[in-house]
Amino acid sequence: MSTTSQQFELAQQAVLDHFDTDATSRHVRIADPPLDVHVLEVGQGRPVVMLHGGGGMAVQMEPLLGGLGEHFRVLAPDRPGCGLTDAFDYAGVDFRSHGVRFLESLLDALELDHASIVAGSIAGLWALAFAHDRPERTQRVVLVGSPAGLTSDAPIPLRLAGTPVIGHLLSVTVMRPSEANTRRQFEEFVVDTDGIPEEIITATHAATSLPGAHDSFTSMVRQVVTLRGFDPDALVVDYLPDIEAPVLFVWGSGDGVYPPSVGREAVARLPNARLEVIEGAGHFVWLDAPRRTSQLAIDFLRAD
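Within every chain, residues take consecutive numbers counted from 1 along the sequence as written. Reporting in this predicted model follows two pLDDT cut-offs: at least 70 for local features of residues, and 80 or more for side-chain atom pairs to be given and counted; totals over whole chains, interfaces and linings ignore these cut-offs and use all residues. Only hydrogens and water are set aside; all other atoms, that is, all heavy atoms of the structure, feed into the side-chain values.

Draft legend 1. View of helix 1 (residues 3–18). Elements are defined by DSSP. Helices are runs of H or I of four residues or more, strands are runs of E of two residues or more, and each kind is numbered from the N terminus. Helices are assigned an expected span. That span is 1.5 Å times one less than the residue count. Counted at 1.5 Å a residue, the expected span for helix 1 with its 16 residues is 22 Å, and the 23 Å between its end C-alpha atoms agrees. Burial classes: relative accessible area under 20% of the type maximum marks a residue as buried, over 50% as exposed, and values in between as partly exposed (1.4 Å probe, protein chains only). Buried residues of helix 1: S5, F8, A11, Q12, V15 and L16, and no others. Across the axial projection of helix 1, the buried residues extend over an arc of 140°, all falling on one side. Relative to its buried face, helix 1 has exposed residues pointing more than 90 degrees away, namely T3, L10 and D17. Working rule for contacts: check all heavy atoms of both residues, and any pair within 4.5 Å makes them a contact. Of the surrounding elements, those touching the buried residues of helix 1 are strand 1 (24–30), strand 2 (35–42), helix 2 (64–69) and helix 8 (198–208). Read the arc as the range of directions from the helix axis to the C-beta atoms.

Structure representation (structure tokens):
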């Protein structure tokens with residue numbers, strides 16, 4: 001095991017200890033894509049798969065991870081190229097179908113017939129795509145923070161990052177692994193940065209420093225975002241009317257990626273969905289409003 005991996009494991013445990021979350025860390029082998037996937041597991045009961053966003057890792061979903069773990073069996077993988085999961089090159093990959101295959105292979109490896117899905121940011125695209133393509137394996141979907149795939153619009157920084165020349169310059173400057181850049185990310189995505197436990201910042205920085213993590217993230221950005229916006233082939237907005245699973249959007253009023261109006265438009269197209277807007281929260285809504293976000297998710301996931 002490399003020194004950076006050991007540092008990340010220590011940082012990950014420090015986050016779990018901070019929130020008093022008794023999680024099991026294990027690895028499973030999935031078939032498609034063939035990867036070794038790291039999973040944090042906590043709690044018992046109905047299965048809930050929790051997916052972190054781009055450039056993050058499973059433990060970044062604390063305190064939501066521990067909160068839901070008091071009521072459900074929560075399984076939180078590090079997505080391909082993130083955390084302790086194998087590195088992954090997204091170049092040439094159909095991002096939407098890749099997400100569906102990853103989730104299905106993960107459920108198979110965990111020996112789960114079905115599960116509810118809680119997802120943040122770009123992983124929300126995977127959750128909605130999976131709910132559409134595999135309705136028999138999807139119980140409920142909770143999207144915390146604005147998900148990708150609802151509009152081709154993309155923030156200017158992401159569009160620039162998706163271009164070959166400017167993207168390369170950004171990857172070696174403001175996107176390169178450093179503590180300063182990690183703190184800058186949280187300043188963009190969280191309204192109340194004073195409320196972020198230092199352990200989460202440390203663990204996130206440690207995750208970005210893992211072998212292959214930076215290359216995996218930049219290859220993902222270049223695959224799904226161009227100067228024109230989000231890749232049209234990855235969008236799920238046209239499939240929303242066919243999604244049968246109940247869907248809850250938990251959206252911060254100050255989400256800097258997409259405003260709540262995008263969520264309202266999505267809810268209008270979905271057969272069974274609702275939007276909860278939390279005033280004063282940002283893109284990482286579970287960090288700005290941990291108790292409110294957790295309770296909304298718990299109540300929704302229980303409602304069968």
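Draft legend 2. Quick look at the pairing of strand 6 (residues 138–144). Along strand 6, six of the seven residues are buried, which leaves the element largely enclosed by surrounding structure. We call two strands paired when DSSP finds no fewer than two bridges between them. Of the strand pairs in this sheet, strand 5 (residues 115–120) and strand 6 are connected by five bridges, and their pairing is parallel. In the strand pairing of strand 6, I117 is matched with V141. Crossovers are marked right-handed if the path from the first strand over the helix to the second runs clockwise, as seen with the strands pointing away from the viewer. At this point the chain moves from strand 5, through helix 4 (residues 123–133), to the parallel strand 6, and the crossover so formed is right-handed. Here strand 6 pairs with strand 9 (residues 247–252) via four bridges, running parallel. Residue pairing for strand 9: L143 is matched across the bridge by F249.

Draft legend 3. Spatial organisation of the pairing of strand 9. The element strand 9 is extensively covered by neighbouring structure, given that six of its six residues are classed as buried. Of the two faces of strand 9, the one carrying V247, F249 and W251 and the one carrying L248, V250 and G252 are both buried. In this structure, strand 9 lies alongside strand 10 (residues 273–278), joined through six bridges in parallel fashion. Bridging from a neighbouring strand, L248 pairs with R274 of strand 10. The parallel pair strand 9 and strand 10 is bridged by helix 10 (residues 260–269), and the resulting crossover is right-handed.

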